[in-house]
Amino acid sequence: MNGSQDSAMHWERIASVAVEEAQQWCLWLTPRVIAIDGPAGSGKSTVGYGVAEIVDFLFFDTGAMYRAVTWAAGNSGIDLQDGVQVGRLAEELELDILPPRDIIRHGRNSVVLVNGQEVTAEIRRPEVDQRVSVVSAHGQVRTALSLKQRQIGDRYGVGDAEKAGVVMVGRDIGTVIMPDAALKIFLDASVEERARRRHREMMRQGKDVDFEQIRASIIQRDKIDSERAVAPLRPASDAVIIDTSDMGIEKVVENILKLVIKAGQGGGKYAPQSK
Ligand code: DC
């Protein structure tokens, strides 16, 4: 994404006809759920947030929930390998994912609260990065969080909430959480490019981190995320796969807006054979 992955999106570079038509046709999606899955650093959050802003849907980053549980488990001294205990913690925690108050200051697309305490920055620390794949591989944790995620997806999907619909971002949204989503996207990019993006993002935040370490951590997370027994990372059979390695954010967003239009015009759902 040419260095702009976590910087502001330039709307003017997106064809205005795509923006206007997507704003109209998104209301025809049935349910009004856009699922975006993909590995770490594929651009899911930046792209998902951009699409959500344009069509005025809620942006819901489900990875923040797994990170919040990882942070809380680390704080409470629970053994992270113990799926029963971490699962119980995931059930009991009160998790809130709110729209950003100040995206420039936070540099993130959502504000995250655990039992009322803001942990937006804490859940992005390297120690959470390193542990979150282990926590999110526990079936008990996934059951607890899936329930919370599906409730939000269902509520926004029928158009019965504060926003007209929802863009849900994660690893298993199209396959497990919202298999009925009107449009499913799977974003991918090479390991090198994803590591470069993460490295740039951290350097910009003033964190002096070693590139090779980030690269190794991404490879390790990919492996755990895609090999786990429960809800492994993989594209849904009806997902549109977009490789973002050599694409700018705006181009990816525009492509998704065009798919929103197709889905709306095609009766509310995107059918891959109509590509
Ligand atoms: O997208 P992210 O890097 O913030 O996700 C953090 C971790 O959570 C990642 O290792 C995979 C996991 N995750 C998941 O298993 N299912 C989701 N729906 C979202 C994230």
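Everything below is about the structure shown above.
Residues numbered from 1 in each chain as written. Predicted model: local features only at pLDDT ≥ 70, side-chain atom pairs only at ≥ 80, totals over all residues. Heavy atoms only, no water.

**Structural notes on the site of the ligand**
Piece 1. Neighbouring residues of the ligand: 16 residues in total, closest Arg67, Arg142, Asp172, Arg221 and Arg228.
Piece 2. In this structure, Ser133 approaches the ligand through a side-chain N or O atom, which is 3.1 Å from an oxygen atom.
Piece 3. Interatomic distance of 2.8 Å between a side-chain N/O atom of Arg228 and an oxygen atom of the ligand.
Piece 4. Burial of the ligand by the protein amounts to 97% of the accessible area it has alone, namely 450 Å².
Piece 5. Contributing elements (two or more residues each) for the shell around the ligand: α3 (63-76), α6 (126-136) and α10 (211-227).
Piece 6. When the residues that make up the shell around the ligand are grouped by side-chain class, the tally is two nonpolar, five polar and nine charged.
Piece 7. Both domains that meet at the shell around the ligand, namely domain 1 (17-57 + 164-275) and domain 2 (63-163), each give it at least three residues. (Near = heavy atom within 4 Å. Polar contact = N/O pair within 3.5 Å; in protein donor to acceptor, adjacent residues only side chain to side chain. Areas by Shrake-Rupley, 256 points an atom, 1.4 Å probe, with all protein chains shown as cover. Helix = DSSP H or I, 4+ residues; strand = E, 2+ residues; numbered from the N terminus. Nonpolar A, V, L, I, M, F, W, Y, C, P; charged D, E, K, R; others polar. Domains from an automatic or database assignment.)

**As for the pairing of strand β4 (residues 111-114)**
Piece 1. Residues of β4 alternate between two faces, with Val111 and Leu113 on one and Val112 and Val114 on the opposite face, all of them buried.
Piece 2. The pairing of strand β3 (residues 95-98) with β4 spans four bridges and is antiparallel. Bridge assignment links Ile97 to a residue of β4, and that residue is Val112.
Piece 3. Pairing between β4 and strand β5 (residues 117-118): two bridges, direction antiparallel. Residue pairing across strands places Val114 opposite Gln117, the latter belonging to β5.
Piece 4. A loop of two residues connects β4 with β5, the two strands running antiparallel in sequence, and Asn115 in this loop sits at a positive phi of about 45°. (Buried < 20%, exposed > 50% of the residue type's maximum accessible area, 1.4 Å probe, protein only. Pairing = 2+ DSSP bridges.)

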